[in-house]
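One-letter residues, chain by chain:
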Amino acid sequence: MTAPSSVTPAQGRELATEIPGPRSQEIHARRQKAVARGVGSALPVYVEAAGAGLLRDIDGNTYIDLCSGLGVTGVGNAAPDVVAAVQEQVARFTHTCFLATPYEGYVAVCEQLAELTPGAHEKRSALFSTGAEAVENAVKVARAATGRAAIVVLDHAYHGRTNLTLGLSARNMPFKQGFGPFTPEIHRIPASYPFRDPEGLSGEQAARDALEVLERQVGGENVAAVVVEPIQGEGGFIVPAPGYLPEIARWCARHGALLVADEIQSGFCRTGAWFASEHEGIVPDIVASAKGIAGGLPLAAVTGRAEVMDAVQLGGFGGTYGGNPVACAAALAAIDVMRRQDLAAAARRIEKILTSRLNELASRYDAIGEVRGRGAMIGVELVRPGSKEPAPELAQRVVEACHAKGVFLLTVGTFGNVLRFLPPLVIAEELLSDALDVLEQSFARLGN
Ligand code: PLZ
């Protein structure tokens with residue numbers, strides 16, 4: 001087998017066959033007999049190479065990537081610096097298990113996390129492989145540090161697919177259906193969803209209303225942690241009203257509960273800052289990160305106040321693969337790229353391009369209820385014209401029309417009606433404009 005050549009932005013969007021093409025269809029037929037049905041794929045074209053904001057499938061079709069592997073490849077897919085660091089590390093050693101014999105890369109990643117996460121306080125980190133694992137461990141820390149049991153989460157939350165994190169996540173179908181029972185002591189409060197909240201409801205008031213019920217039903221003194229996504233990701237790229245998260249942070253401080261920010265999707269420059277908490281002016285006690293940290297290799301982290309993290313006994317954290325040396329090497333290279341290329345600024349430029357074009361589109365199509373988000377995390381909520389009733393079918397049709405023209409994006413949200421723009425932060429402006437042209441043409445055919 002010959003190695004596939006890499007993808008360059010000069011190639012652009014290009015369709016060589018019908019989609020999916022014959023070779024993808026062949027593999028897809030094999031898949032039906034080998035891969036469990038519960039594992040879906042939004043666009044069953046089988047990828048051969050990716051990079052520079054493009055994905056190329058094995059039939060030679062090239063798509064503009066507005067997904068970044070679900071918010072992971074911010075620094076680009078197969079980013080050259082990440083590839084080089086991984087190759088160098090893989091050739092030296094692939095694994096020892098940090099619990100057995102440690103290595104420097106793990107320590108260096110934790111040092112970077114201490115520097116980059118919000119707040120100047122002393123911090124400690126522990127590394128894991130997946131986002132769900134990071135959230136689970138954040139919950140363990142919060143319980144150990146406070147001696148309390150109750151964990152508070154928001155409506156529309158998404159925190160993962162392990163049993164604990166499914167319990168923390170809000171949406172039943174398809175995530176939770178049939179998989180219960182979930183763990184006790186999880187309490188859900190209303191999120192701030194400005195597009196759907198009563199008009200004029202301030203962020204502070206929304207938080208106060210939610211917390212007042214919580215105090216009555218659970219009691220502030222029993223809450224170990226409130227877990228929030230500073231921008232709700234799978235819930236629909238929901239930016240809380242200003243003041244909502246600061247009010248929750250104040251409540252936590254007052255009641256001795258810990259504020260855990262799940263920055264797994266919003267972290268590492270995605271929203272135009274290193275972490276989205278910065279936009280809200282909150283300093284979480286614990287930050288969970290993953291996805292964008294390592295340019296595509298599985299790495300996740302829990303970073304928190306030193307005294308909180310060190311409430312966990314020696315040996316209380318672990319896992320065979322957590323902080324794998326190859327993933328750590330990738331993270332150090334990816335973080336270096338984010339710093340040197342100032343990818344937070346790149347995300348802010350992407351925000352400008354996306355929101356100006358999308359708002360212009362919104363002024364012409366009543367089906368666009370709202371354009372929202374920060375940085376390179378932008379959502380477009382589709383509704384039935386003249387109402388706020390979600391329009392998931394339209395979102396699906398728009399996305400399919402884009403796929404057919406070589407633009408890869410997904411829908412997201414509790415109601416499945418939000419178009420999700422999550423491009424690599426290194427995407428070329430021309431690719432972004434081309435993708436927006438395609439979107440516009442799709443609306444011209446489908447929208448109203
Ligand atoms: N917290 C905020 O966005 C993962 C889910 C994809 P893992 N989001 C993509 C799917 O359908 O499974 C996510 C997230 C936030 C936690 C997670 C979980 O991270 O690495 O998928 O475990």
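Conventions adopted
Residues numbered from 1 in each chain as written. Predicted model: local features only at pLDDT ≥ 70, side-chain atom pairs only at ≥ 80, totals over all residues. Heavy atoms only, no water. Domains from an automatic or database assignment. Contact = heavy atoms within 4.5 Å. Buried area = accessible area lost by both parts, 1.4 Å probe. Salt bridge = Lys/Arg side-chain N within 4 Å of Asp/Glu carboxyl O. Polar contact = N/O pair within 3.5 Å; in protein donor to acceptor, adjacent residues only side chain to side chain. Helix = DSSP H or I, 4+ residues; strand = E, 2+ residues; numbered from the N terminus. Phe/Tyr/Trp six-rings, centres within 6.5 Å; stacked < 30°, edge-to-face > 60°. Buried < 20%, exposed > 50% of the residue type's maximum accessible area, 1.4 Å probe, protein only. Axes fitted to C-alpha atoms, helices over the stretch in contact; angles between N-to-C directions. Left-handed = near helix turned anticlockwise from the far one by under 90°. Nonpolar A, V, L, I, M, F, W, Y, C, P; charged D, E, K, R; others polar.

1. Examining the domain arrangement of the protein chain
Here is step 1: By the assigned domains, the protein chain splits into domain 1 (9-78 + 342-446) and domain 2 (82-340).
Here is step 2: With 40 residues of domain 1 in contact, the opposing surface of domain 2 contributes 34 residues.
Here is step 3: For the domain 1 face of the interface with domain 2, the top three residues by lost area are V75, R374 and M377, together amounting to 25%.
Here is step 4: At the boundary of domain 1 and domain 2, one finds three salt bridges.
Here is step 5: The residue R374 makes a salt bridge to E280 at a minimum N-O spacing of 3.1 Å.
Here is step 6: Taken together, the connections running from domain 1 to domain 2 amount to 22 residue pairs in polar contact (both at pLDDT 80 or more).

2. What about the pattern of salt bridges?
Here is step 1: One pass over the structure, following the stated rule, counts 23 salt bridges.
Here is step 2: Here R250 and E247 are joined by a salt bridge, their closest N and O atoms 2.6 Å apart. Linking R250 with E247, this pair stays in helix α9 (residues 244-255), spanning three residues, or about one helical turn.
Here is step 3: Here D285 makes a salt bridge to R305, at a shortest N to O gap of 2.7 Å. Here the residue D285 occupies a position in the loop between α10 (277-280) and β9 (286-289), and R305 occupies one in strand β10 (residues 300-305), the gap between them amounting to 20 residues.

3. Considering the packing of aromatic side chains
Here is step 1: Going through the model one piece at a time under the given rule, you end up with eight aromatic pairs.
Here is step 2: Taking the centre distance of 6.1 Å and the plane angle of 70° together, the rings of F128 and F317 count as edge-to-face. Of this pair, F128 sits in strand β4 (residues 123-128) while F317 is found in the loop between α11 (306-309) and α12 (325-340), placing the two residues 189 residues apart along the sequence.
Here is step 3: Residue F128 is classed as buried on the basis of its relative accessible area of 0%.
Here is step 4: An angle of 65° between the planes, with centres 5.1 Å apart, marks the rings of Y158 and F175 as edge-to-face.

4. Some points on the packing of helix α8 (residues 203-217) against α9
Here is step 1: Where α8 meets α9, the axes come as close as 7 Å, and the angle between the chain directions of the two elements is 35°. You can see that α8 and α9 cross each other, and the crossing is right-handed. Together, G203, E204, A206, A207, R208, L211, L214 and E215 of α8 and Y244, E247, I248, R250, W251 and H255 of α9 make up the contact between the two elements.
Here is step 2: Across the contact of α8 with α9, the residue classes break down as seven nonpolar, two polar and five charged.

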